[in-house]
Amino acid sequence: MTLETSFERVDLPLEFPFTISRGTTETAENVIVRIGDGEHVGIGGAAPAAHYGETVETVEALLPALLEVVEEVGDPHRLGRIERRMRQYVERNPAARCAVSIALHDLVAKRLDLPLHRYWGLDPERTLETSYTIGIAPTGEMREKTATAIDRGYATLKIKLGTERDAEIIEAVRAEAPEATIRVDANEAWSPREAVERIEALVDYGIEFVEQPVPAENPEGMRFVRERSALPIAADESCVTLADVPRVAEIADIANVKLMKCGGLREARRMLETARAHGLETMLGCMTESDASIAPACHLVPLLDYADLDGSLLLAEDPYEGVTMPGGRIDLAGLSRPGTGARDGG
């Protein structure tokens, strides 16, 4: 079988500047991969993160070799062989491998005329509501963004923290959204003792859980926090690959898996199933991404306890059409298009 492959960079402005404790983003830099068989074309997206050692430049530099692997194998259904050979070529750079993985899954499911979740045999009746993220900003601005999110129907919010104003921010957000489910994410900004103190102060605001309170390179600090925390702890930066899951089970309550951290859809499924086997609750997160990669992630909802798949919702405009999320609700039963559901023209 002859496969045709290509890729292109797309720069997608965000609706609002997005700030976390590590810095500010105004544009999502993605790379879109296409793999076709002459009749169908699979679409996949890479959203590289410098925090994990990737940029759009490294993705673009690696994709010719990774797509050459796809062309040499020739059969898109041999997903295991292709992914194994890609990993042999480059162990790291997961976003680049992920874009290829997504495009292949999209192509295979289209060839079989099945939505991706049916190809996997997952239950489409399982639905979840994604959180909608409010980045760090002046407190008044965060309050305004909260009001906008609530007006748009989002009832689950994730609030970025990691400032000297954390208590003030949460008080303002809760005042604006008294009925919302609120999660917070410090993105490694606190020391262990600081985290325990700040989490204690969050309890009265009805916070659902706290994500990555301390740096990933301090697992004993995470353990210290979890043992003393009045709220559940989610591991994000501490949970990158499959090998991390058993260690995360000892220091957190929730494993936050991301396609762009682990390198592909098959690896994400393995991580989620392994996390469940280790007694962890499961969440699937994202970077700032187009629906070329958010749509396929949504097909994993039946394996999740929590969803944080708002990457495309944060864009000013998404050139790719994917999963409709009214009020943040991800409903697989409505996904009848073959493949991941991603296509040009959003």
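Please refer to the structure higher up on the page.
Calculation rules
Residues numbered from 1 in each chain as written. Predicted model: local features only at pLDDT ≥ 70, side-chain atom pairs only at ≥ 80, totals over all residues. Heavy atoms only, no water. Helix = DSSP H or I, 4+ residues; strand = E, 2+ residues; numbered from the N terminus. Rg over C-alpha atoms; globule rule 2.2 N^0.38 Å. Buried < 20%, exposed > 50% of the residue type's maximum accessible area, 1.4 Å probe, protein only. Contact = heavy atoms within 4.5 Å. Areas by Shrake-Rupley, 256 points an atom, 1.4 Å probe, with all protein chains shown as cover. Lys, Arg positive; Asp, Glu negative; His and termini not counted. Charge placed at Lys NZ, Arg CZ, Asp CG, Glu CD. Pairing = 2+ DSSP bridges. Axes fitted to C-alpha atoms, helices over the stretch in contact; angles between N-to-C directions. Arc of directions from axis to C-beta. Phe/Tyr/Trp six-rings, centres within 6.5 Å; stacked < 30°, edge-to-face > 60°. Salt bridge = Lys/Arg side-chain N within 4 Å of Asp/Glu carboxyl O. Core = buried A, V, L, I, M, F, W, Y, C linked by side-chain atoms within 4.5 Å. Right-handed = clockwise from strand over helix to strand, strands pointing away.

On a plain count of helices and strands, the protein chain comes out with 12 helices and 15 strands. Radius of gyration (C-alpha) of the protein chain: 19 Å, near the 20 Å computed for a compact globule of 346 residues. The dimensions of the protein chain, computed from C-alpha atoms along their principal axes, are 60 × 40 × 40 Å. Expressed as a percentage of its 346 residues, the buried residues of the protein chain come to 59%. A sequence separation of at least 24 residues applies to 71% of the contacts in the protein chain between residues at least 6 apart. Of the accessible surface of the protein chain, which amounts to about 13500 Å², a share of 45% is contributed by carbon and sulfur atoms. Positive and negative side-chain charges of the protein chain, numbering 37 and 60 respectively, have mean locations separated by a distance of 5 Å.

A separate point is the sheet that holds strand β3 (residues 41-46). The strands making up a sheet associate through hydrogen bonds between their backbones, and the pairing can be parallel or antiparallel. What the three strands build is an open sheet, ordered β1-β2-β3; its pairing is antiparallel. Unpaired on one side and paired on the other, β1 (4-20) and β3 mark the two borders of the sheet. In this sheet, neighbouring strand axes are inclined to one another by 20° on average, regardless of whether the strands run parallel or antiparallel. Sheet topology places β1 next to strand β2 (residues 23-36); 13 bridges connect them, and they run antiparallel. Bridging from a neighbouring strand, V10 pairs with N30 of β2. Of the strands in this sheet, β1, β2 and β3 touch helix α1 (residues 56-73), which is tilted by about 150° from β1.

With parallel pairing, the eight strands of this open sheet are ordered in space as β5-β6-β7-β8-β9-β10-β11-β12. Sheet topology places β5 (132-134) and β12 (306-307) at the edges, where each strand pairs with a single neighbour.

Here we come to the environment of P246. Its location among the elements puts P246 in helix α9 (residues 245-248). The spatial distance from the C-alpha of P246 to the C-alpha of Y119 is 28 Å, given a sequence separation of 127 residues.

What follows deals with helix α8 (residues 219-228). Here α8 has its buried residues at G221, M222, F224 and V225. With its buried residues spanning 155° around the axis, α8 presents them on a single face. Buried positions along α8 lie against α7 (192-202) and β9 (233-235).

In the structure shown here, the tally under the stated rule is two aromatic pairs. Seen in terms of ring centroids, Y132 and Y154 are 4.7 Å apart; in terms of plane orientation they differ by 10°. Their pairing is stacked. Residue Y132 is located in strand β5, and its partner Y154 is located in the loop between α5 (139-151) and β6 (156-160); the two are separated by 22 residues in the primary sequence.

All right, on to the pattern of salt bridges then. Scanning all chains against the criterion turns up 36 salt bridges. Across the salt bridge formed by D305 and R276, the nearest N and O atoms sit 2.7 Å from each other. Here the residue D305 occupies a position in the loop between α12 (291-298) and β12, and R276 occupies one in helix α11 (residues 265-277), the gap between them amounting to 29 residues. Since its relative accessible area comes to 22%, D305 is described here as partly exposed. In this structure, the salt-bridge partner of R343 is E321, at a minimum N-O distance of 3.1 Å. Taken together, the positions of R343 in strand β15 (residues 343-344) and E321 in strand β13 (residues 320-321) put the pair 22 residues apart, joining distant regions of the chain.

Bringing the environment of I169 into the picture now. Here I169 is to be found in helix α6 (residues 166-176). The sequence separation of I169 and Y132 amounts to 37 residues, and the corresponding C-alpha distance is 16 Å. With residues up to four places along the chain from it excluded, the contact list for I169 reads T139, M142, I159, L161 and T163.

Backbone geometry at N93 places phi at a positive 50°, although glycine is not the residue there. Assignment of secondary structure puts N93 in the loop between α2 (79-89) and α3 (94-111). The residue E188 is not glycine, and still its phi comes out positive at about 70°. On the secondary structure map, E188 appears in the loop between β7 (181-185) and α7.

Counting residues in hydrophobic clusters, the biggest one holds 113 residues, and the most contacted among them are I35, V100, I159, V184, L202 and L300. Top element by residues in this core is α3. It accounts for 10 residues. Ignoring any residue separated from it by four or fewer positions in sequence, one finds L300 in contact with W120, L259, L265, A268, R269, L272 and L284. With five residues, the next largest nonpolar core counts F209, A234, I254 and M283 among its residues.

So, on to the pairing of β7. When you tally the buried positions in β7, you get four out of five residues, the bulk of the element. With five bridges connecting them, β6 and β7 associate as parallel partners. Within β7, the residue paired with K158 across the bridge is R183. Handedness of the crossover joining β6 and β7 through α6 is recorded here as right-handed.

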